[in-house]
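# Results of the structural survey
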Amino acid sequence: MSYNYSEFTQYDQLSVQRVVKGLSNLGIRQPPLTWEKAKRWAKQFDDGPEKTLAWLILRFLVFRTTDQLESSFRQALKAASRHFGEKIDLPMETDWRAILSGRAGGMTFYCSPPTLDTPGLPGKSGELISRLVNRAFGVNKSYAYDFTVIPKDERLLIVDDGTFTGEQLDGFLSSYGPAKTYPDQIAIVVAMAHEEAISRLSKQHPDITVFFGELLLKAHCFEHLALSWISNGLWPHPDVTPTEVYKSVCAKHNLLNGSTSLGFGSLGVIVGYEHGIPDDSLNILWSKSETWLPLIER
C-alpha cells in the first residue's frame, strides 16, 4: 500500500475534492461512503485548518469494498494454503485452490470468526467475513468452539476483516485451548493487518502464522501522515499542525473515547469498509455526539 504525494505540489482543496469524488465515481469507494456523504461530513468542520484536515483525511482514508476485501482474502488464502501444503511436503507448484478444496493433500479447511461464544451477531465483522470466505472460496464455515480436538487432516482458519493492534486475536488465542495443543493446524487469515498486530501475534503465538492480503504500516496512520503532509507541502497552515487541529475538533465535539481520540490502541488508523468501520480508526470517523455525525456508522 502506498500513497502518491506527487499528485499535489501544494494543498489545493478543489484538487483534493476532485480526487475524493473520483474515487466514488470510479467505484473504488461505494455506499455507505458516497460522495454526498463525504461532503456532508466535511461540512461539520469550520473553514480554515479544520476544513483542510477534513479533506486530507477523506483523501487518505483506506476504504475497502466487499469485492476488494475478497481480492485481499484471495491473496491471504493462497499464502495460507501453500503454507499448509509445504508442511505436508506437497510440491511448491501445487495449485493453492486444490489444497484449499482438499483435492491435493487431503486436508479439510474450516473458517471461524475469532469468538469463543455461541454464534456471533450477524453484523459482527468475523461473522460477515467467515460467510464471505465460505461463499467466495468454498471453505467450510464453522465455529472455533466446535473444535476441542483437531484431527491431523483438518485445518482451522480464524478469519476477520482486519487486525490492527492484535489485541482481540491475542485474547482469543490465549483463551482457546486448541491454539496451545494444535498451533500448527491453525492460522489467522485477514484481509488487512497492521505491522503492530503482526509483531504482537508473532511474539505471543509464534507457532500460529498470520496471513494477510494487505499490510498497513505506521507510516499509513494519522500521526505519521500528519508529519508527511507538512513536509510534502500538503498542509498550508504554518501556525498549527494537523494533529493539533484534530485534537481540537475532537475536544470541541466531544469525540473522545476514554482518553484517546485516535481509535482503539491509539494507532491512528484511517480505515473503513463497505460493511462498517473498526474502532481502531480515528474517532472522528465513527463517533457521534450531539454536534457530530460519523462518516461511517459502526
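Every value quoted in this text rests on a predicted model; they were computed, and no experiment measured them.

## Quick look at the overall build of the protein
Scanning the protein from N- to C-terminus turns up twelve helices and seven strands. For 298 residues, the compact-globule estimate of 2.2 N^0.38 gives 19 Å, and the protein sits close to it at 21 Å. Judged by the C-alpha coordinates and their principal axes, the protein covers about 60 × 40 × 30 Å. Counting across all 298 residues of the protein, residues that qualify as buried make up 53%. Intrachain contacts of the protein at a sequence separation of at least 6 include 66% that bridge at least 24 residues. Of the accessible surface of the protein, which amounts to about 13,700 Å², a share of 49% is contributed by carbon and sulfur atoms. Side chains of the protein carry 30 positive and 34 negative charges; the gap between the two charge centres is 4 Å.

## Here we look at the nonpolar core
Of all hydrophobic cores here, the largest spans 39 residues; its most connected members are Trp41, Ile57, Trp229, Ile284 and Leu285. For this core, the secondary structure elements donating two or more residues are helix H1 (13-25), helix H2 (35-42), helix H3 (49-60), helix H10 (222-231), helix H11 (242-252) and helix H12 (283-286). At seven residues, the largest contribution of residues to this core is made by H3. What Ile57 contacts, discounting residues up to four positions off in sequence, is Trp41, Trp229, Tyr246, Ile270, Leu282, Ile284 and Leu285. Residues Phe73, Ala98, Met192 and Cys221 belong to the second largest nonpolar core, which totals 35 residues.

## Let's talk about the confidence of the model for the protein
Close inspection of predicted coordinates is inappropriate for parts of the model with low pLDDT. In this model, the protein carries an average pLDDT of 93, and 95% of its residues clear a pLDDT of 70 or more. Within the model, pLDDT remains below 50 along residues 1-9, and this stretch shows 25 contacts once partners closer than five positions in the same chain are excluded.

## Focus: the pairing of strand E4 (residues 154-163)
In the case of a regular strand, side chains alternate between the two sheet surfaces. Among the ten residues of E4, ten are classified as buried, and the element is accordingly described as predominantly covered. For strand E2 (residues 108-112) and E4, the ladder comprises five bridges, and the chain directions are parallel. Following the sheet pairing, Tyr110 is matched in E4 by Leu156. Bridging between E4 and strand E5 (residues 186-194) involves seven bridges; their strand directions are parallel.

## Notes on the side chain of Thr65
Along the polypeptide, Thr65 turns up in the loop between strand E1 (62-64) and helix H4 (66-87). The buried category is assigned to Thr65, whose relative accessible area is 3%. Beyond its immediate sequence surroundings of up to four residues, Thr65 is in contact with Gly27, Ile28, Gln30 and Glu274.

## Description of unusual backbone geometry
The omega angle of the peptide bond from Pro31 to Pro32 is 15°, so this bond is cis rather than trans. Despite not being glycine, Asp89 has its phi angle at roughly 65°, a positive value. Take Asp89: it is sitting in the loop between H4 and helix H5 (96-101). Residue class for Asp89 comes out exposed when judged on its relative accessible area of 70%. We note that Asn254 has phi near 55°; this positive angle belongs to a residue other than glycine.

What counts as what
Residues numbered from 1 in each chain as written. Predicted model: local features only at pLDDT ≥ 70, side-chain atom pairs only at ≥ 80, totals over all residues. Heavy atoms only, no water. Helix = DSSP H or I, 4+ residues; strand = E, 2+ residues; numbered from the N terminus. Rg over C-alpha atoms; globule rule 2.2 N^0.38 Å. Buried < 20%, exposed > 50% of the residue type's maximum accessible area, 1.4 Å probe, protein only. Contact = heavy atoms within 4.5 Å. Areas by Shrake-Rupley, 256 points an atom, 1.4 Å probe, with all protein chains shown as cover. Lys, Arg positive; Asp, Glu negative; His and termini not counted. Charge placed at Lys NZ, Arg CZ, Asp CG, Glu CD. Core = buried A, V, L, I, M, F, W, Y, C linked by side-chain atoms within 4.5 Å. pLDDT = per-residue confidence, 0-100. Pairing = 2+ DSSP bridges.

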